[in-house]
Amino acid sequence: MFEFVNDNTLAEYEAFNMSHPFGHFAQSKKWANLKDNWKWEAVIVRGENGAICGSLAVLIRNLPHMPWTLMYGCRGPVCDPHDRATMEQLIEGARVLAKKYHSYVLKIDPDVSIEDKEFIKELEHLGFKNATGDGKNFEGIQPNFVFRLDVSEMNAKKIYTAEPGEAFDITVDDTQGEDAIMHFKTDTRTKVRKAIKRGVKIKLVGKEMMPFFAKMMLETGLRDGFVTRPASYFNKMLDAMGDNARLYMAFYEDKPIAGTLAIYYGDKVWYLYGASANGTKELDVRQLMPNYLLPWMMIQWSLEKKCRIYDFRGVSGDLTPDNPLYGLYRFKKDFNGDLVQFVGEYDLVFNKPIYFAVVYGQSTYRNLRRKRFLKKNAALDTSKPKNLTGDHRGESQAKKEEKKPEENK
């Protein structure tokens, strides 16, 4: 029999989610505190011994100007994916919530590999339909392809600590023979060490550096063509996740040049967001290799916490070199993780007319949102043209105008 999580059982629920192999930060109430425009509910099922054996947390949001809601169980459910009785009870609880909140669909994207055909059959048995289709890029809410590094057998050679605002004390010698770095490709190990040799410093920072991180996220988004979040969102994330979230920042000569947001939960650490500055003509950020030193430091956190998995998060499933996202794949592949494809998004539809109308509208909205974002911020894209001098007219135009000073007075 299922039950719903309340104030009295919330701590028990969190402990179960953190301890389970399929547990995920997105199933935590902490993460829901970030999504304060959604309603959070969670269903649990107990085994014969009275302990929780399965759970499913859902976020519920109203459709604009309509009496219907979307119910989304991000990376749920958390249970043995082959425990049919538990799965059936969890979904039965979700159906009760759907009636209560007038949900037109329950959408899930389980943290289960697509190789698990038995689990897929179970989803179909429960009435779910695959909503991923043939998409191989980032069409879904969560990435369907990720790189994961098994760190369960790796040992931390050194625990890195630093006072607030102070850089971690890292030397090249610290990387010699270290478990994690020896797992990387040779060229990747070289780049980590080059960053150290060239003077890149890594600090754990807080909200005081968030304006710089958000600015670098915007630069990265404009450079690579994706929509980014404002500083307020990232600040709220730090508040919601507390000690489970860290903002790492790379500095060169006391200037921030790159940053990453990581989350630790249960037996995993996730590389959630990463950004780097465009640099200038005088300072080529890429040559300093901060984006290789930062993941190595986040992996050290996973080793310190005795985690099983370090998750590099999303890549494209289209592995052809002419894919614009191929560079992201190559970067994460260089750390020698495993490419994992999840089962994808599955929908349990309660109202077909509303469902099909929303599916069409969402696709159109996402495309328009991305185009508007890039157009609105085009003037801020200092990566194009790549003269990186602060003069965004382009070098050729600037030189022409320099030759005609009288005309510009």
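Owing to the predicted nature of the structure, the values given are computational and were not obtained by experimental measurement.

**Student:** Got a minute to help me understand the overall build of the chain in this structure?
**Tutor:** For the chain, the helix and strand inventory stands at 13 helices and 15 strands. For the chain, the share of sequence-separated contacts (at least 6 apart) that also reach a separation of at least 24 residues comes to 74%. Total accessible area computed for the chain in this model is approximately 20500 Å², and 51% of it derives from carbon and sulfur atoms.

**Student:** Sorry, what's going on with helix α3 (residues 84-101) here?
**Tutor:** Since one α-helical turn is 3.6 residues long, residues separated by three or four positions face the same way. For α3, spanning 18 residues, the distance from its first C-alpha to its last is 26 Å, which sits close to the expected 26 Å at 1.5 Å a residue. For α3, every residue scored as buried is listed here: Thr-86, Met-87, Leu-90, Ile-91, Gly-93, Ala-94, Leu-97, Ala-98 and Tyr-101. An end-on view of α3 places all buried positions within 155 degrees of arc, on one side of the element. Across from the buried face of α3, at angles greater than 90 degrees, the exposed residues are Ala-85, Lys-99 and Lys-100. Of the residues one or two after α3, His-102 is the one with positive phi, at around 55 degrees.

**Student:** Help me understand the packing of helix α8 (residues 210-224) against helix α9 (residues 231-241) in this model?
**Tutor:** When two helices pack together, their arrangement is given by the angle between the helix axes and by the axis-to-axis distance. At a minimum axis distance of 9 Å, the contact between α8 and α9 shows a crossing angle of 125 degrees. By the angle between their axes, α8 is oblique relative to α9. For α8 against α9, the interelement crossing comes out right-handed. Across the interface between the two elements, Met-210, Phe-213, Ala-214 and Met-217 from α8 touch Ala-231, Phe-234, Asn-235 and Leu-238 from α9. A breakdown of the residues in the contact of α8 with α9 according to their chemical character gives seven nonpolar, one polar and no charged.

**Student:** Would you explain the sheet that holds strand β8 (residues 145-150) in this entry?
**Tutor:** Taking strand neighbours across the sheet as the criterion, the seven strands line up as β9-β10-β11-β12-β13-β8-β14 in an open arrangement whose pairing is mixed. Lying at the two open borders of the sheet, with one neighbouring strand each, are β9 (201-205) and β14 (338-341). Across the sheet, the axes of successive neighbouring strands diverge by a mean angle of 30 degrees, strand direction being ignored. As paired strands, strand β12 (residues 268-276) and strand β13 (residues 309-314) are joined by three bridges and run parallel to one another. Looking across to β13, one finds that Lys-268 is bridged to Ile-309. Against the sheet, helix α11 (residues 326-333) makes contact with β8, β12 and β13, and its axis sits at roughly 170 degrees relative to β13, the strand it touches most.

**Student:** It is not clear to me how the nonpolar core should be interpreted in this structure. Could you clarify?
**Tutor:** One recurring pattern in soluble globular proteins: nonpolar side chains tend to sit buried together. By size, the foremost hydrophobic cluster in this structure holds 95 residues, and its most contacted members are Trp-31, Ile-202, Phe-213 and Met-237. Element by element, the count of residues in this core is highest for helix α10 (residues 290-304), at nine residues. Counting 26 residues, the second-largest nonpolar core is a separate cluster that includes Val-43, Ile-108, Leu-126 and Val-343.

**Student:** I'm lost on unusual backbone geometry in this one. Help?
**Tutor:** Negative phi values dominate among residues other than glycine, just as trans dominates among peptide bonds. With an omega of 0 degrees, the peptide bond running from Gly-76 to Pro-77 counts as cis. Position of Pro-77 among the secondary structure elements: in the loop between β4 (69-73) and β5 (78-79). Phi at Glu-253 takes a positive value of approximately 50 degrees, unusual for a residue other than glycine. Topologically, Glu-253 is positioned in the loop between β10 (245-252) and β11 (255-265). In this structure, Met-289 is a non-glycine residue whose phi angle is positive, near 60 degrees. Position of Met-289 among the secondary structure elements: in the loop between β12 and α10. Since its relative accessible area comes to 11%, Met-289 is described here as buried.

**Student:** Is there a simple way to think about α9 in this case?
**Tutor:** Buried residues of α9: Tyr-233, Phe-234, Asn-235, Met-237, Leu-238, Ala-240 and Met-241, and no others. Taken together, the buried residues of α9 touch α2 (29-34), α8, β10, β11 and β12. Phi for Gly-242, located one or two positions after α9, is positive at around 60 degrees.

**Student:** Just checking my understanding: could you explain the packing of helix α7 (residues 186-197) against α10 for this structure?
**Tutor:** Their axes nearest at 8 Å, the elements α7 and α10 cross at an angle of 100 degrees. Classified by the angle their axes make, α7 and α10 are roughly perpendicular. Counting all contacts with α7, which are made through Thr-188, Lys-191, Val-192, Ala-195 and Ile-196, the residues of α10 involved are Tyr-292, Leu-293 and Trp-296. Broken down by class, the residue content of the contact of α7 with α10 amounts to six nonpolar, one polar and one charged.

**Student:** Explain the packing of aromatic side chains here, please?
**Tutor:** For any pair of aromatic rings, the description consists of the separation of the ring centres together with the inter-plane angle of the planes. Per the counting criterion, the structure on display carries 19 aromatic pairs. Taken together, a centroid distance of 5.1 Å and an interplanar angle of 35 degrees make the contact between Phe-312 and Phe-335 tilted. Highlighted residues: Phe-312 in strand β13 and Phe-335 in the loop between α11 and β14, separated in sequence by 23 residues. In this pair, the class of Phe-312 matches that of Phe-335, namely buried. Feature note: the residues Phe-184, Tyr-292, Tyr-310, Phe-312, Phe-331 and Phe-335 constitute an aromatic cluster, connected by ring pairs. The cationic tip of Lys-203 hangs over the ring face of Phe-251; the distance from NZ or CZ to the ring centre is 4.5 Å. When the ring centre of Tyr-271 is taken as origin, the NZ or CZ atom of Lys-332, which lies over that ring, is 5.8 Å away.

**Student:** Can you walk me through the environment of Glu-178 in this structure?
**Tutor:** Following the sequence through the fold, Glu-178 ends up in the loop between α5 (172-175) and α6 (179-183). Distance from Glu-178 to Ala-156, taken between C-alpha atoms, is 7.5 Å for residues 22 residues apart in sequence. In this structure, Glu-178 is in contact with Lys-157, Trp-296, Gln-300 and Leu-303, ignoring residues within four places of it in sequence. For Glu-178, the side chain forms a polar contact with the main-chain nitrogen of Ile-181, separated by 2.8 Å.

Quick notes on the rules
Residues numbered from 1 in each chain as written. Predicted model: local features only at pLDDT ≥ 70, side-chain atom pairs only at ≥ 80, totals over all residues. Heavy atoms only, no water. Helix = DSSP H or I, 4+ residues; strand = E, 2+ residues; numbered from the N terminus. Contact = heavy atoms within 4.5 Å. Areas by Shrake-Rupley, 256 points an atom, 1.4 Å probe, with all protein chains shown as cover. Expected span 1.5 Å × (residues − 1). Buried < 20%, exposed > 50% of the residue type's maximum accessible area, 1.4 Å probe, protein only. Arc of directions from axis to C-beta. Axes fitted to C-alpha atoms, helices over the stretch in contact; angles between N-to-C directions. Parallel < 35°, antiparallel > 145°, perpendicular 65-115°, else oblique. Left-handed = near helix turned anticlockwise from the far one by under 90°. Nonpolar A, V, L, I, M, F, W, Y, C, P; charged D, E, K, R; others polar. Pairing = 2+ DSSP bridges. Core = buried A, V, L, I, M, F, W, Y, C linked by side-chain atoms within 4.5 Å. Phe/Tyr/Trp six-rings, centres within 6.5 Å; stacked < 30°, edge-to-face > 60°. Lys NZ or Arg CZ within 6 Å of the ring centre and 35° of its normal. Polar contact = N/O pair within 3.5 Å; in protein donor to acceptor, adjacent residues only side chain to side chain.

None of this, on its own, says anything about what the molecule does.
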